[in-house]
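Now for the letters of each chain:
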Amino acid sequence: MPYVMVQIPKPPSAASPVPRSVPTSADVARLAGVSRATVSYVLNNTSAVRISEPTRRRVHQAAKELGYVPHAAARSLRAGHSRMVLMPAPAIAVGPLYAQFINDLQWALSRLDYTVVQYGTAGLRGDEAARAWAELRPVAVLVPDAEVGPEGVAVLKRAGARAVVTFGPGRVAGAHALLMDHAAVGRCAGRHLYARGRRRIGVLVPEEADLETFSRPRLEGVREALRGTDAEVTGLPLGYTEQSAAELASRWRELGIDAVFAYNDEYAMLFMRALQDAGVRIPEDTAVLGADDLMLGRLLRPRLSTIHIDLPSGRGLAELVDRVVRDPGGEPETHRVLGASVVQRDSS
């Protein structure tokens with residue numbers, strides 16, 4: 001039987017999907033039935049031009065339907081600067097009080113049409129870190145003053161940063177400063193414990209080196225408040241672990257200390273529990289005072305006495321940033337923004 005070779009045609013391959021083009025503001029304008037200028041005014045939240053609310057809704061709906069978002073780089077070129085506010089990611093665990101301040105600040109800046117970026121410097125410090133931040137061309141940088149020097153401020157400004165704002169106990173040349181006097185927290189604590197009749201006062205100082213910027217001034221503030229009195233102040237290093245707290249509490253009676261001021265409420269609560277486990281009565285044997293006025297301290301028994309700390313409002317700092325970005329030629333401003341007051345409860 002003869003064989004016939006039959007060539008079976010290869011089925012055509014499925015057509016490669018045509019990549020969708022990136023939607024543009026012109027696409028949004030066509031779908032919304034408005035001009036490209038109107039799209040720009042609406043999506044850039046421009047207040048100089050009055051746009052009716054129905055038109056705004058139509059533009060936003062068209063942008064959402066098309067998946068369009070404004071091009072940040074193009075917007076920066078048109079404006080001559082970005083809308084990015086850079087904050088170095090904290091290298092240490094921040095407490096609830098500071099975390100709430102940062103959340104309020106980010107919300108307030110977003111209301112002013114800024115984008116907040118937290119930048120992890122992967123071990124870079126000082127002016128070297130400032131050069132890494134400058135690569136992103138932020139319009140403003142908010143940074144703890146211990147992390148940048150005058151040269152770093154100059155690098156940021158040469159890269160286009162209109163506002164460099166530091167916050168901490170000191171000023172940095174060329175930068176706006178929010179001065180936070182942590183020694184005032186210590187002075188407030190020292191005066192309170194002395195008024196309660198305590199004369200041998202221990203101050204819990206975190207062993208974590210990164211907290212020294214805040215803890216050292218608080219210790220010095222206690223010493224300053226009690227200088228020239230009959231009180232004795234002792235710095236007591238403490239790691240934030242149950243073991244470290246238990247080891248210190250086991251030596252408490254031989255130390256003869258009758259009051260302790262902790263770096264913050266979290267350290268105070270950790271150590272108060274260790275003292276109670278060691279049979280030390282609070283406040284009869286030892287008064288305990290924290291700082292930050294956290295809600296959890298009110299739930300302890302005895303309720304924790306503390307130092308209430310007033311941080312600057314996020315809204316106020318956001319308005320400072322916006323004002324400096326709009327008018328970058330003014331002299332650097334200095335604002336004292338940290339207040340401290342005693343909240344006396346059962347533990348002292």
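Please refer to the structure placed before this passage.
Note that the coordinates shown come from a computational prediction; the quantities given were computed from them, not determined experimentally.

A. Focus on the overall build of the chain. Looking only at helices and strands, one finds 14 helices and 12 strands in the chain. Of the contacts made within the chain by residues no fewer than 6 positions apart, 70% connect residues no fewer than 24 positions apart. Total accessible area on the chain stands at roughly 19000 Å², and carbon and sulfur atoms take up 52% of it.

B. Structural context of helix α10 (residues 242-250). Among all positions of α10, only S244, A245, L248 and A249 are buried. The arc that holds every buried residue of α10, seen down its axis, measures 130°, which confines them to one face. Those residues of α10 that are exposed and aimed more than 90 degrees away from the buried face are E242, Q243 and S250. Looking at the packing, one finds that the buried side of α10 touches β6 (200-206), β7 (232-238), α11 (252-255) and α12 (265-277).

C. Seen up close, the packing of helix α6 (residues 126-134) against helix α7 (residues 150-158). Running from amino to carboxyl end, α6 crosses α7 at an angle of 10°, the nearest separation of the two axes being 8 Å. Taken together, the axes of α6 and α7 lie roughly parallel to each other. Between α6 and α7, the residues in contact are D127, A130, R131, W133 and A134 and E151, G152, V155 and L156, respectively. Split by residue class, the contact of α6 with α7 holds 5 nonpolar, 1 polar and 3 charged.

D. Here's a closer look at a nonpolar patch on the surface. A surface patch of nonpolar side chains, about 320 Å² in accessible area, is lined by M295, L296 and L299. Within the secondary structure, M295 is located in helix α13 (residues 295-299). Residue classification places M295 among the exposed residues on the basis of a relative accessible area of 51%.

E. Molecular detail of the packing of aromatic side chains. As enumerated under the stated definition, the model contains 3 aromatic pairs in all. Each ring, one from W252 and one from F271, has its centre 5.1 Å from the other, and the planes form 65°; the classification is edge-to-face. Here W252, found in helix α11, pairs with F271, found in helix α12; they are 19 residues apart in sequence, far enough to count as distant. Measuring from centroid to centroid gives 5.9 Å for Y263 and Y267, while their planes differ by 85°, and the two rings are edge-to-face. Accessibility expressed as a relative area gives 10% for Y263, which makes it buried. On the basis of relative accessibility, which here comes to 5%, the residue Y267 falls in the buried class. Counting every residue linked through ring pairs, the aromatic cluster contains Y240, Y263 and Y267. Lying over the aromatic face of Y114, R83 brings its terminal NZ or CZ to 3.9 Å of the ring centre.

F. Fine view of the nonpolar core. Residues L109, L142, F261, I307, L317 and V321 are the most contacted members of the largest nonpolar core, which totals 43 residues. It is helix α14 (residues 314-326) that contributes the most residues to this core, 6 residues altogether. If you look at the next biggest cluster of nonpolar residues, it comprises 24 residues, including Y263, M269, F271 and L275.

G. Region of interest: the pairing of strand β8 (residues 259-262). Where burial is concerned, the two faces of β8 agree: the one with A259 and F261 and the one with V260 and A262 are both buried. Examined bridge by bridge, β8 and strand β9 (residues 287-291) share 3 bridges and lie parallel to one another. The residue bridging A259 from the neighbouring strand is A287, located in β9. In this fold, β8 hands off to α12, which returns the chain to β9; that crossover is right-handed.

H. Spatial organisation of unusual backbone geometry. For the peptide bond that leads from I282 to P283, omega is 10°, which places it in the cis range. Counting through the fold element by element, P283 comes out in the loop between α12 and β9. P302 follows R301 through a cis peptide bond whose omega is 0°. Within the fold, P302 resides in the loop between α13 and β10 (305-310).

I. Geometry of the sheet that holds strand β4 (residues 163-168). Strand order in this open sheet of 6 strands is β2-β1-β3-β4-β5-β11, and the pairing throughout is parallel. A single partner strand is all that each edge strand has here, and the edge strands are β2 (115-119) and β11 (334-336). Taken over all neighbouring pairs, the strand axes of this sheet differ in orientation by 20° on average, direction set aside. Bridge count for strand β1 (residues 84-88) against strand β3 (residues 140-144) is 2 bridges, and the pairing is parallel. Its bridge partner lying in β3, V85 is registered against A140. Strands β1, β2, β3 and β4 of the sheet are contacted by helix α5 (residues 96-111), whose axis makes an angle of about 140° with β2.

Criteria and cut-off values
- Sequence order as written defines the numbering, with residues in each chain counted from 1.
- Predicted model: local features are reported for residues with pLDDT of at least 70 only, side-chain atom pairs are reported and counted for 80 or more only, and whole-chain, interface and lining totals are derived from all residues.
- Neither water nor hydrogens contribute to the side-chain values; these are computed over all heavy atoms in the structure.
- Secondary structure counts use DSSP, requiring at least four H or I residues in a row for a helix and at least two E residues in a row for a strand, with both numbered from the N terminus.
- Throughout, a residue-residue contact means that at least one pair of heavy atoms, one from each residue, lies within 4.5 Å.
- For the accessible areas, the method is Shrake-Rupley and the probe is 1.4 Å, while residue cover comes only from the protein chains on display.
- Between buried and exposed lies partly exposed: a residue is buried under 20% and exposed over 50% of the maximum accessible area for its type, with that area taken using a 1.4 Å probe on protein chains only.
- The arc refers to the directions leading from the helix axis to the C-beta atoms.
- Axis lines are fitted through C-alpha atoms, for helices just across the contact stretch, and the angle between N-to-C directions can take any value from 0 to 180 degrees.
- An angle counts as roughly parallel when it lies under 35 degrees, as roughly antiparallel when it exceeds 145, as roughly perpendicular when it falls between 65 and 115, and as oblique in every other case.
- All amino acids are sorted into three groups, where Ala, Val, Leu, Ile, Met, Phe, Trp, Tyr, Cys and Pro are nonpolar, Asp, Glu, Lys and Arg are charged, and the leftover types, Gly among them, are polar.
- Note on patches: the residues involved have over 30% relative accessible area and no salt bridge, like charges join within 9 Å, and the nonpolar side chains Val, Leu, Ile, Met, Phe, Trp and Tyr join within 5 Å.
- By definition here, a salt bridge exists when the distance from a side-chain nitrogen of Lys or Arg to a carboxyl oxygen of Asp or Glu is within 4 Å.
- Pairing of aromatic side chains here covers Phe, Tyr and the six-membered ring of Trp, requires ring centres within 6.5 Å, and sorts the geometry by plane angle: under 30 degrees stacked, over 60 edge-to-face, intermediate tilted.
- The rule is short: NZ of Lys or CZ of Arg within 6 Å of the ring centre and within 35 degrees of the ring normal puts a charge over the ring.
- Buried Ala, Val, Leu, Ile, Met, Phe, Trp, Tyr and Cys residues form a nonpolar core when they are joined through side-chain atoms within 4.5 Å.
- Here, strands pair whenever DSSP counts at least two bridges between them.
- Place the viewer so that the strands point away; then a crossover is right-handed whenever the path from the first strand over the helix to the second strand goes clockwise.

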